[in-house]
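# Survey of secondary and tertiary structure
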Amino acid sequence: MMKSEIEKTLPEHILKKSNAKEIFIVDRKNNEKTLVSLLEKEPADIKYVFLKNQEEIPVWFDGFKDNALPTGQIGTYSKQCECIIFPENDGYRDWVLFIEMKYVNNLKNAFRKEYEYPYCMVNQILETVNYFRAKGILENDRRATAIVSFPNLIEEFNGFFFDFIDDTPENILNKHKVLIYPTNSATIMHNKRIKPQQPHSHGPNR
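### Some thoughts on the overall build of the protein chain
- On a plain count of helices and strands, the protein chain comes out with four helices and eleven strands.
- Here the C-alpha atoms of the protein chain give a radius of gyration of 16 Å, agreeing with the 17 Å that 2.2 N^0.38 yields for 206 residues.
- Taken along its principal axes, the extent of the C-alpha atoms in the protein chain is 40 × 35 × 35 Å.
- Within the span of the protein chain, comprising 206 residues, buried residues form 49% of the whole.
- Across the protein chain, every contact between residues at least 6 apart in sequence was considered, and the portion connecting residues at least 24 apart equals 67%.

### Let's talk about the pattern of salt bridges
- Scanning all chains against the criterion turns up eleven salt bridges.
- K21 is the partner of E56 in a salt bridge, and the nearest nitrogen-oxygen pair spans 3.8 Å. In this pair, E56 sits in the loop between β4 (49–52) and β5 (59–63) while K21 sits in the loop between β1 (15–18) and β2 (22–26), placing the two residues 35 residues apart along the sequence.
- Classification of E56 as partly exposed rests on a relative accessible area of 37%.
- Because the salt bridges share partners, they merge into one network encompassing D90, E139 and R142.

### Here's the deal with the sheet that holds β4
- Read across the open sheet, the five strands follow the order β3-β2-β4-β10-β11; overall the sheet is mixed. Each of the sheet's edge strands pairs with one partner strand only, and the pair in question is β3 (37–39) and β11 (193–196). Taken pair by pair, the neighbouring strands of this sheet meet at an average axis angle of 25 degrees, ignoring direction.
- Direction of pairing for β2 relative to β3: antiparallel, over a ladder of three bridges. When the sheet's bridge partners are listed, F24 is paired in β3 with L39.

### Looking at the side chain of D90
- Position of D90 among the secondary structure elements: in the loop between β6 (83–87) and β7 (97–101).
- On the basis of relative accessibility, which here comes to 11%, the residue D90 falls in the buried class.
- Looking at D90, its side chain comes within polar contact range of the main-chain nitrogen of M2, at 3.4 Å.
- Residues within four places of D90 in sequence aside, it is in contact with M1, M2 and R142.

### Some words on the packing of aromatic side chains
- Throughout the structure, instances matching the rule amount to 14 aromatic pairs.
- A centroid spacing of 4.9 Å and a plane angle of 85 degrees characterise the contact between F24 and Y48, whose relative ring orientation is edge-to-face. You can see F24 sitting in strand β2 and its partner Y48 sitting in the loop between β3 and β4, a full 24 residues away along the chain. This pair shows no difference in class: F24 is buried, exactly as Y48 is.
- Here F160 and F164 contribute two aromatic rings whose centre-to-centre distance is 6.4 Å and whose plane-to-plane angle is 65 degrees, an arrangement assigned as edge-to-face.
- One aromatic cluster is present, built from ring pairs that chain together F111, F150, F157, F160, F161, F162 and F164.
- It is K3 that lies over the ring of W60; its NZ or CZ is 4.8 Å from the centre.

### Brief notes about the nonpolar core
- Counting residues in hydrophobic clusters, the biggest one holds 37 residues, and the most contacted among them are F98, I125, F132, F150, F161 and I180.
- Counting residues per element, this core draws most heavily on helix α3 (residues 117–134), at seven residues.
- Setting aside chain neighbours within four positions, we find F150 in contact with K102, V104, A110, F111, Y117, M121, F157, F161 and N184.
- Grouped together as the second largest cluster of nonpolar side chains are 26 residues, V26, Y48, F50 and F61 included.

### Some details on α3
- Over its 18 residues, α3 extends 25 Å from the first C-alpha to the last, a length consistent with the 26 Å expected when each residue adds 1.5 Å.
- P118, M121, V122, N123, Q124, I125, L126, T128, V129, Y131, F132 and R133 are the residues of α3 that are buried.
- G136 lies just past α3 and shows a positive phi near 80 degrees.

Criteria and thresholds
Residues numbered from 1 in each chain as written. Predicted model: local features only at pLDDT ≥ 70, side-chain atom pairs only at ≥ 80, totals over all residues. Heavy atoms only, no water. Helix = DSSP H or I, 4+ residues; strand = E, 2+ residues; numbered from the N terminus. Rg over C-alpha atoms; globule rule 2.2 N^0.38 Å. Buried < 20%, exposed > 50% of the residue type's maximum accessible area, 1.4 Å probe, protein only. Contact = heavy atoms within 4.5 Å. Salt bridge = Lys/Arg side-chain N within 4 Å of Asp/Glu carboxyl O. Pairing = 2+ DSSP bridges. Axes fitted to C-alpha atoms, helices over the stretch in contact; angles between N-to-C directions. Polar contact = N/O pair within 3.5 Å; in protein donor to acceptor, adjacent residues only side chain to side chain. Phe/Tyr/Trp six-rings, centres within 6.5 Å; stacked < 30°, edge-to-face > 60°. Lys NZ or Arg CZ within 6 Å of the ring centre and 35° of its normal. Core = buried A, V, L, I, M, F, W, Y, C linked by side-chain atoms within 4.5 Å. Expected span 1.5 Å × (residues − 1).

Interpretation in functional terms is not warranted from these geometric data alone.
As structure tokens, this is what we get:
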């Protein structure tokens with residue numbers, strides 16, 4: 001199981017369990033030295049990735065600190081995304097979700113060419129997935145799901161996100177067995193399925 005493999009390979013990581021109907025993933029690392037957090041109540045001070053979990057499926061959450069994925073060489077670390085989430089009773093055919101977030105304040109900055117945010121976000125997801133596979137935490141042929149999120153944006157950005165990385169979701173899935181969705185929310189259907197939503201459905205009350 002992934003939980004035991006994470007605890008064995010990355011003993012400094014602290015996993016949190018939740019079966020809340022509404023899950024909010026936030027990243028305050030730009031403001032304070034804290035973990036990426038899983039919250040069970042909607043935060044008033046920061047936007048988030050929202051996971052709807054009406055079936056109350058128990059999940060494990062590993063929010064990464066800085067330099068959370070050591071390579072084995074002193075002082076070197078893998079690139080990483082924000083966190084990983086997976087069902088408590090995870091199996092080979094169950095979903096596993098990686099999340100990367102960028103807190104930009106407008107659509108123009110999100111896709112400004114010199115910032116290369118889309119490319120960097122996808123790269124951080126793939127580097128994290130590859131690390132987990134190399135360490136034996138995630139099976140090499142098991143499909144992973146990923147969300148690349150701009151939590152502050154209310155505009156839809158999924159339709160043109162991949163235009164900025166010169167690749168397609170299909171190519172990435174074929175090459176890396178990672179299905180990437182540009183969105184701010186998803187619905188946990190059951191252990192075997194998680195359904196990312198369109199950005200306009202972001203939040204529990206929309």
